[in-house]
Each structure stands twice: as structure tokens, then as C-alpha cells.
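Report on the structure
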Amino acid sequence: GAVVSQHPSRVICKSGTSVKIECRSLDFQATTMFWYRQFPKKSLMLMATSNEGSKATYEQGVEKDKFLINHASLTLSTLTVTSAHPEDSSFYICSAIAILLAGGDEQFFGPGTRLTVL
Amino acid sequence: KQEVTQIPAALSVPEGENLVLNCSFTDSAIYNLQWFRQDPGKGLTSLLLIQSSQREQTSGRLNASLDKSSGRSTLYIAASQPGDSATYLCAVTNDYKLSFGAGTTVTVRA
């Protein structure tokens, strides 16, 4: 299957700093990527849809100035958590849509990034 | 808005027993349904994907059924093993967006 990577896998930062998380599709091009957030023992919540070459579409309740998304190429999307606070601590997961040779498409997920804000 | 519910929230069984995990969703106009496995602190591993036109998918000891009209899916894991211990997530796709259930955490006792 298609492979999606995330970097870093873990990050600890001080309150008030900004943190950038990268999501890469390694063996396919993805015009659309997604960013999710997962709280402990909770479901994944879609934060935003990242479209290559255009602005991201944010879900209701997600602050776009707080969570900056840039999809500058067909294989890379970045999520920057600006002025991070302890309540931003979470597990962030990205996914990318791959077009399947057999037809149709499927979302493939990255391994996630654990953000801890002190 | 799509709501996805998974029951039970947690399940503990002895090794060798069959597992039955349930998923229900409120909006039946789905594109597909996926079952994922998530180990603690890790990302998602896709187990089975069922297109909206399909009734079931099988992979090894795993079988997933889909009844779109009633908004239900069931994941069966035959002859469970300790290595099957994980959280299993169900997700449905509407307009390319995935909506996830909260998961069922499975513990298989040796």
C-alpha cells in the first residue's frame, strides 16, 4: 500500500512557541491531505482538508490562525501549531488520498505526531 | 452531521475466542467504510475497506460486513490471539471526509 510519513514523531515544546509537523506521501502524489487530532481514548477529529496549491478548508471550531496548513507540493503538507499552549497537547495524524490502480481511491494514514506543550 | 458509534467500548476475551465488534452510523449515504487497528501511541493500520456497493470484505481471520440501509457494520475476528490486542476504529467516508467512531479496545488474554 501507499506510504505516508510524519515528522517529527514526538515533540515537546514550551508554551508560546510554534511547532511545525510535516506530512509526506512517499510513493505517490496527493492533491488532498487531511489533518486529524486525537485526544486520549477518543476518536480522531478531522481538523482540516489540505489542498495542494490552495487554501486549506477548516472544520467548524478549528482556529485557522492557530493551526496553519500549507500544502506546497503534491507530496508535502505541513501543520504549524502557532503559539502553542498545554491544551494543544495531542496526537496529530495526517492522511493522504491515493488513487488506486484497481480504481477508486483510499486514504492512507501517517504514523502520527505526539505533541506535548509544557 | 455523520455520527459513528462503536459498541462495546472495551472487550476482554481469552485467546482462541471469536471477536465481534459493532459499528453504527447515522447517515447511510456513505462512500465507503473502513476498519482500522491502532496500537497504543501509534498511527492507524487499515484492516478492511468496504465500498458502499459491497456487503462484506474478508482478509485472513478478519471479516467485515456492511448493511448500509440500517447503518451498521460488524467486524469479526476469528480465533483471537494476544497479538490482536489493540484498539479497533471504524470510519465512514462522506464527501472524502472520514468520520471515526471512538473505537473498541480489545484485550486478548493468553
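That block above? That's the structure.
A brief structural summary. In this text the structure is predicted, and so the values were computed from the model without any measurement.

Side note on the overall build of chain A
When its secondary structure is counted, chain A shows 0 helices and 11 strands. Projected onto its principal axes, the C-alpha coordinates of chain A cover approximately 45 × 30 × 25 Å. When burial is assessed residue by residue, chain A has 49% of its 118 residues classed as buried. Long-range contacts, defined as pairs at least 24 residues apart, comprise 54% of the intrachain contacts of chain A with a sequence gap of at least 6. Summed over all atoms, the accessible surface of chain A reaches about 6,000 Å², with 54% contributed by carbon and sulfur.

Concerning the sheet that holds strand β3 (residues 19-25) of chain A
Residues and elements named next belong to chain A. Taking strand neighbours across the sheet as the criterion, the 4 strands line up as β1-β3-β8-β7 in an open arrangement whose pairing is antiparallel. Either end of the sheet is taken by a strand with one partner, and the two such strands are β1 (4-7) and β7 (67-73). Between one strand axis and the next, the sheet turns through 15° on average, direction left out of account. By the bridge criterion, 6 bridges tie β3 to strand β8 (residues 76-81) in an arrangement that is antiparallel. The residue bridging Glu22 from the neighbouring strand is Thr78, located in β8.

Let's talk about the state of the cysteines
Working definition of a disulfide: a covalent bond connecting the sulfur atoms of two cysteines. Evaluated as defined, the whole model comprises 2 disulfides over all chains. One disulfide in the model links Cys23 of chain A with Cys94 of chain A; its S-S distance is 2.0 Å. What sets the handedness of the Cys23 of chain A and Cys94 of chain A disulfide is the S-S torsion sign, and at about 80° it is right-handed. In this pair, Cys23 of chain A is assigned in strand β3 and Cys94 of chain A in strand β9 (residues 90-99), connecting sequence segments 71 residues apart. Neither residue differs from the other here; Cys23 of chain A and Cys94 of chain A are each classed as buried. Paired by a disulfide, Cys23 of chain B and Cys90 of chain B hold their sulfur atoms 2.0 Å apart. Handedness here is read from the sign of the S-S torsion; for Cys23 of chain B and Cys90 of chain B, about -55°, the answer is left-handed. Of the two residues, Cys23 of chain B is situated in strand β3 (residues 19-25) and Cys90 of chain B in strand β9 (residues 86-94); the sequence distance between them amounts to 67 residues. You can call Cys23 of chain B buried: its relative accessible area is 4%.

Considering the sheet that holds strand β8 (residues 72-77) of chain B
All names here are of chain B. Pairing within the open sheet is antiparallel, and its 5 strands lie in the order β1-β3-β8-β7-β6. The open sheet has two edge strands, β1 (4-7) and β6 (56-59), and neither has a second partner. Mean inter-strand twist for the sheet, computed between neighbouring axes without regard to direction, equals 15°. Relative to β3, β1 runs antiparallel, the two sharing 4 bridges. Across the sheet, Thr5 pairs through a bridge with Ser24, a residue of β3.

A short note on the interface of chain B and chain A
Between chain B and chain A, the contact holds 17 residues from the first and 20 residues from the second. Across the chain B/chain A interface, buried area totals approximately 1,400 Å², and carbon plus sulfur atoms make up 54% of it. By the criterion of area lost to chain A, the three top residues of chain B are Tyr96, Lys97 and Phe100 of chain B, representing 32% of everything that side buries. The interface formed by chain B and chain A contains 1 salt bridge. Counting the contacts that link chain B with chain A gives 5 residue pairs in polar contact (both at pLDDT 80 or more). Counting residues per element, the ones that place at least two in the side of chain B that touches chain A are β4 (32-38), β5 (44-51) and β10 (97-100) of chain B. Looking at the side of chain B that touches chain A residue by residue, the classes come out as 9 nonpolar, 6 polar and 2 charged.

Conventions adopted
- Residues numbered from 1 in each chain as written.
- Chains lettered and ligands numbered in written order.
- Predicted model: local features only at pLDDT ≥ 70, side-chain atom pairs only at ≥ 80, totals over all residues.
- Heavy atoms only, no water.
- Helix = DSSP H or I, 4+ residues; strand = E, 2+ residues; numbered from the N terminus.
- Buried < 20%, exposed > 50% of the residue type's maximum accessible area, 1.4 Å probe, protein only.
- Contact = heavy atoms within 4.5 Å.
- Areas by Shrake-Rupley, 256 points an atom, 1.4 Å probe, with all protein chains shown as cover.
- Pairing = 2+ DSSP bridges.
- Axes fitted to C-alpha atoms, helices over the stretch in contact; angles between N-to-C directions.
- Disulfide = S-S within 2.5 Å.
- Buried area = accessible area lost by both parts, 1.4 Å probe.
- Salt bridge = Lys/Arg side-chain N within 4 Å of Asp/Glu carboxyl O.
- Polar contact = N/O pair within 3.5 Å; in protein donor to acceptor, adjacent residues only side chain to side chain.
- Nonpolar A, V, L, I, M, F, W, Y, C, P; charged D, E, K, R; others polar.

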